[in-house]
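Chain by chain, the residues:
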Amino acid sequence: MISGMTELRHKYLRHHKKFPHVWCPGCGNGIVLGAFIRAIERLNLKKDDIVFASGIGCSGRMPTYVDFNTLHTTHGRALTFATGIKLAKPSLNVIVVMGDGDATAIGGNHFIHAARRNLDLTAVIINNQIYGMTGGQASPTTPYGAQSTTSPFSNIEHAFSIAELAVAAGASFVARGTVYHAAQLDKLIEKGIRKKGFSVIEVMSNCHVQFGRRNEMGDPVTMLKWFKDHAVSKDDGSSLPPDSLHDKFTVGILADEDKPNYIEAYKEIREKSQRN
Amino acid sequence: MNAIQTGEKRRMKHELNGKKFLLQGNEAMAEGAIAAGCRFFAGYPITPASEISERMSYRLPQVDGTFIQMEDEISSLGAVIGASLAGVKSMTATSGPGFSLMQENLGYACMTETPCVVVNVMRGGPSTGLPTSPAQGDVLQARWGTHGDHPVIVLSVSSVSECFSITVTAFNLSEKYRVPVVVLSDEVVAHSRETFTIPTADSIEVADRIVPNVPPEWYKPYEDNSRGVPPMAPMGDGYRHHVTGLAHDARGFPTERPDEIEAFSNRQFRKITNGFFEIQITKKLTVEDAEIVVIAYGSVARSARRAVAMARSQGIKAGLIQLVTLFPFPKNTVVNLMRQCKAVIVPEMNMGQISREVKRVNTGLTEVYKYNRIDGKLITPMEIFEEIQKI
Amino acid sequence: MDVDRFEIRLSGSGGQGIILAAIILAEAAGIFEGYHVSQTQSYGPEARGGRCKAEVVISSRQIDYPKAVQLDMMLAMNQASCDAYCFDFKPNGLLLVDSGLVEQVPTSRAVFLPFTKIAREVAGKDLVANIVALGALGYFCPLLTNKNLEAALTARVPPETVKINSKALQAGFKAAEEFDLNSLPRSIIPEEEEEI
C-alpha cells in the first residue's frame, strides 16, 4: 500500500523545486489532492490529456504541484478559462479546483452558468467555510453565527449549500464528500470526471487555522470529527426524522442526470451551419 | 441593429474571398478575424459591438470554429485566454462597460503572455454613458487599464477596410509577440457600411505563434531568447507546463526571487521595443511640405482627411498623420514631423488623451493644439478645418 | 457618371425600415453601380418608434468623411424626422416626404408622395412603404437605375417577400415618374434659379 502511494507520488507530483507546498500542517487540501490523484490513476488517463485549472486561494496552488497541463487563473474565473480550453480542444479532460469563496462569491455567476451550460467539465470545490489564504474572512459558506476576522461579533449572513445550488443550476452530476470520508471522495471525484457533462464535487474540508481556531475547533482532528458526526449519507437522510437533520449535511451523489452536453450540441450547430 | 439580414445570411453561405460587399465596420472585423485564423470567439452582448458577436456566431461554425456567448465580459476574456492557451487564435469584442470588466483578465493575458485580440468599440462614457454614440474616451484605459506595469499593443481603426486589415494585423502582432492586442473602434466606424472587397486568402499575410521544437523535457515556456518571445506550446500537445498569473520563473512556476522577476519584466518590455519597426503603424497624407499637421485616429481621422484636403484647396500647407498604432506610441514618426511643422493639431472625441502623448514627445519642437469634443458627436471636417485656419 | 459626393439622408421612425432602405440604396450604388459608398445611421435605444436617421454618401472616389455634409436628397417618412433632420441642404437639394404623414416642410423643393398609402394599395400593408419611397428616391437620384435598385432589393430581402417588395419598388418609381419636377423651383436661392 505504502509503496503504491509512493509510486503515485513519483508519477504525478512535480519533483523540481515545488515543495514544500504552501498549505498548513493538517490542511484538508492534501487529502483532496490525494483523492484526485487516485481518481486519475483509476481512470487511467494520460497526463498529457489532463488540464488541471484553479482560481485564487489555498486551493489555487494545487495545480502547481501536479504534473499535468496546469493553470492558475484569476480569482473566481477558473471555470471561464476551462470553458475556453475545453471548447478549443474537446479531447482534453478539464478539471477545475476551487475554494468556496472562489467558486460561489466572486465566481458565483460563472459557477451557475457553467452548470446551466452543461459543458463537460469537472469542478471540485473545496469548502472550508472561510477565506483561508487572506486570513480568515467570512465566505458565502461561513455558517450563520460563526466567528471570522470580518464578522468579529458573529456572522449574520446565511450560508450557501454549494451542492444544492449546483443541482438547482442544472449540473449533470453533483456530489458532496468530506475529507474525513477519504475513500468515498476518491470515488466521487472519479465518477465526476467520468461523467459527460458538467459535474460538481463539493468537498467539506478543514481550515482549522483560520476557521476552526475561531470556532472552537482549533485542530485538524476536532474538525475531521465534526465532519464525521455531521455528515449524513444521502440514502440514510431520507429515512431520518427531519428534526435530527437541522445541523447535518448530506454526503453522496445528489444528482446524476444525462442531458445533452454542449460539445455534442455544438457539433450539430457546425453541421447545420455548413449545410447549403 | 440586426447585423445579419436575410440577404446577408444567404450570401455568407458562399465563398466570401474576392467578392465585394457592403459591410459594417463590425462585420468587417469579424471577417478580418476569420481571415487571420481566429477560430474561437467568446462575447457578451453590448451596444455598439454586438454585431461582431452576431456575425461570429454565424460564421465560426462554418469554418469549424467555436462561438460562445458567455455570462459576462469577465468570463468572455477568460474563455478567450483559455482557448488561446489550447492553441486556438481567439478574440472577444465589447464596448466601454465591458472593457472595464475585462481589465482583470487582460492583465492575466499580459502576465502569461497569451496572444488574444480584444476589440473595444468605444461609446460615450463613463459608466453606461451614451450607448449609441461615438467617443474616444477609452484610449488611456486601453493602455493602462489593467493594474501593474505592463506592455500592451493598442491599434485603432477608421474605416471598414481597416476594420478588416487592422484586425488581421492585430492577430499577427499578438501571435508574434505573445501579447494581448487591443483594437479600438468607435460607434461611427463600427456601424458605418462601406463597400469592401474581401481579399483573397493568398493575399492576406497571416502570422502564427512559434511552437517549441525541443523535446518536452527541455521546454521552458518563459525562457528568454534573442527576440524575447519564447515559443508557446498549446495545452495537450505533450509539453506539460504551468501557467500562472503570479510572477513566475522561466519554467512558469511562481517565484519571489528579484533576479527572476526583473528578468521577466524587462523581457516583457524589450520584446515590444524590439518590434517597434513593425508595431508602430501610421498613415500619412500630404505631410512632405506640411506646416500644419493634424494627428488623428479612429473615425476622427476621416474628418481630418477631409479637413486637410479642404485646407490644401485653400492653399494652406496642411498634412495628416493617422495613428493606427496608439501604443506603443509612434514617437519617432511624430517627432520627425514636429521638426518640420509650425503647429500640430490633435482633434479627439475626449478631453485630450493622445494629445498628452503628443505633448510628452514634443520637446519644444512645435506648438501642440488640441481640439476636443465630448458630446457624443463625431468631430466634423469643418471644425478641424476651422482649427487649421486659426493658426 | 463622375461624382465627388452625392449625399442622401433617409429619416423616419424606428420600425419603418429606414435603415434597410438605406442599405439597399447603398448596395445598389456600391455593388451594382460600382461607386464608393458609405452608409451611416444614428438611432436611439428604441427598436420601434423614436427617431431614426440613415445617410448614404456616394462617390466616384474613396470617401473620406463618411457622413453627409451637404445633402442632395432627403427622405422624411414622418413629421418628427422632417423637423429634426431637414438641414444642411444643397440649394438644389430635393426633399421627399410621405404626404400622408408630413404636412409641413422647410423647403420649397419638396416632393409630396403618399408612400404609405401606395404601400397599402399595392401590398395591402404599410410595411413596404420604405420600399415604395426607395423606388421614388431611385427615380430622382441620377446615379441609380431602376434595374440595379431592383437587383439590390432582390439580393437583400427574404426570398418569399421579393415579389411584394418588387411591386412596392416599382409603384414608388412610377409615382415619382408622374410627379412634375418642373413644378418646383430649381433652387431654394431665387437668383440661382434664374441663372440656371
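Residues numbered from 1 in each chain as written. Chains lettered and ligands numbered in written order. Predicted model: local features only at pLDDT ≥ 70, side-chain atom pairs only at ≥ 80, totals over all residues. Heavy atoms only, no water.

**Quick look at the overall build of chain C**
A count of helical and extended segments in chain C gives 7 helices and 6 strands. Traced from its N-terminal end to its C-terminal end, chain C shows the element sequence β-α-β-β-β-α-β-β-α-α-α-α-α. Overall, the C-alpha framework of chain C stretches about 50 × 40 × 35 Å when taken along its three principal axes. Expressed as a percentage of the 196 residues in chain C, the buried residues total 56%. In chain C, the proportion of contacts linking residues at least 24 apart, taken out of those at least 6 apart, comes to 62%. With the model as given, the accessible surface of chain C reaches about 8,200 Å², and the carbon-plus-sulfur share is 51%. (Helix = DSSP H or I, 4+ residues; strand = E, 2+ residues; numbered from the N terminus. Buried < 20%, exposed > 50% of the residue type's maximum accessible area, 1.4 Å probe, protein only. Contact = heavy atoms within 4.5 Å. Areas by Shrake-Rupley, 256 points an atom, 1.4 Å probe, with all protein chains shown as cover.)

**Concerning the confidence of the model for chain C**
Residue and element names in this part refer to chain C. Within chain C, residue pLDDT values average 93, and 95% of them lie at 70 or more. Between the elements of chain C, mean pLDDT differs from a low of 63, seen in helix α7 (residues 190–195), to a high of 98, seen in helix α4 (residues 129–140). For this predicted complex, the interface score ipTM comes out at 0.96, while the overall pTM is 0.96. (pLDDT = per-residue confidence, 0-100.)

**Side note on the interface of chain B and chain C**
At the interface, 27 residues of chain B touch 31 residues of chain C. Buried surface at the junction of chain B and chain C, summed over both partners, amounts to about 2,400 Å²; 52% is from carbon and sulfur atoms. Taken as a group, Leu 22, Arg 193 and Arg 306 of chain B account for 24% of the area that chain B buries against chain C, more than any other trio of residues on that side. Joining chain B to chain C, the criterion identifies 1 salt bridge. (Buried area = accessible area lost by both parts, 1.4 Å probe. Salt bridge = Lys/Arg side-chain N within 4 Å of Asp/Glu carboxyl O.)

**Regarding the interface of chain B and chain A**
Each partner contributes residues to the interface: chain B has 44 residues there, and chain A has 40 residues. Note on chain B versus chain A: buried area summed over both sides is about 3,500 Å², and carbon and sulfur give 54% of it. Three residues stand out in chain B for area buried against chain A, namely Glu 71, Met 235 and Arg 240 of chain B, and they jointly supply 20% of the buried area on that side. Across the chain B-chain A interface, the total number found is 5 salt bridges. Across the salt bridge formed by Arg 240 of chain B and Asp 67 of chain A, the nearest N and O atoms sit 2.9 Å from each other. On inspection of chain B and its partner chain A, the count reaches 26 residue pairs in polar contact (both at pLDDT 80 or more). Elements that contribute at least two residues to the side of chain B that touches chain A include exactly β3 (66–69), α4 (73–85), α5 (96–112) and β10 (242–244) of chain B. (Polar contact = N/O pair within 3.5 Å; in protein donor to acceptor, adjacent residues only side chain to side chain.)

**A short note on unusual backbone geometry**
Residues and elements named next belong to chain B. That bond from Gly 125 to Pro 126 is cis: its omega, 0°, falls within 30 degrees of zero. A cis geometry characterises the amide bond from Phe 327 onward to Pro 328, with omega recorded as -5°. One can find Pro 328 in the loop between β14 (325–327) and α12 (331–340). Phi at Asp 64 takes a positive value of approximately 60°, unusual for a residue other than glycine. Checked against the element boundaries, Asp 64 lands in the loop between α3 (50–59) and β3. For Glu 113, which is not a glycine, the phi torsion comes out positive at approximately 55°. Here Glu 113 shows up in the loop between α5 and β5 (116–124).

**Let's talk about the pairing of strand β13 (residues 318–323) of chain B**
All names here are of chain B. Counting buried positions along β13 yields 6 of 6 residues, so the element is predominantly enclosed. The alternating pattern of β13 places Ala 318, Leu 320 and Gln 322 and Gly 319, Ile 321 and Leu 323 on opposite faces, both of which are buried. Pairing between strand β12 (residues 292–296) and β13: 5 bridges, direction parallel. Across the sheet, the residue bridging to Val 294 is Leu 320, located in β13. For the segment spanning β12, helix α11 (residues 299–313) and β13, crossover handedness is right-handed. (Pairing = 2+ DSSP bridges. Right-handed = clockwise from strand over helix to strand, strands pointing away.)

**A word on the layout of surface pockets**
Where empty space is left becomes clear once a probe the size of a water molecule has been rolled over the atoms. In this structure, the second largest pocket occupies an estimated 780 Å³ of space. Considering each element in turn, the lining of the second largest pocket owes the most residues, 4 residues, to strand β6 (residues 130–134) of chain B. (1 Å grid on protein atoms, 1.4 Å probe; cavity = no way out; pocket = protein on both sides within 12 Å on 5 of 7 lines; lining within 4 Å. Points joined across faces, edges and corners; volume = space filled by probe spheres on them.)

**Observations regarding α11 of chain B**
The α-helix advances 3.6 residues per turn, and as a result positions three or four apart in sequence lie on the same side. Residue and element names in this part refer to chain B. Here α11 contains 15 residues, and its C-alpha end-to-end distance of 22 Å stays within 8% of the 21 Å for a straight helix at 1.5 Å per residue. Taken as a whole, α11 has its buried residues at Ser 299, Val 300, Ala 301, Arg 302, Ser 303, Ala 304, Arg 306, Ala 307, Val 308 and Ala 311. Looking one or two residues beyond α11, the residue adopting positive phi is Gly 315, at roughly 85°. (Expected span 1.5 Å × (residues − 1).)

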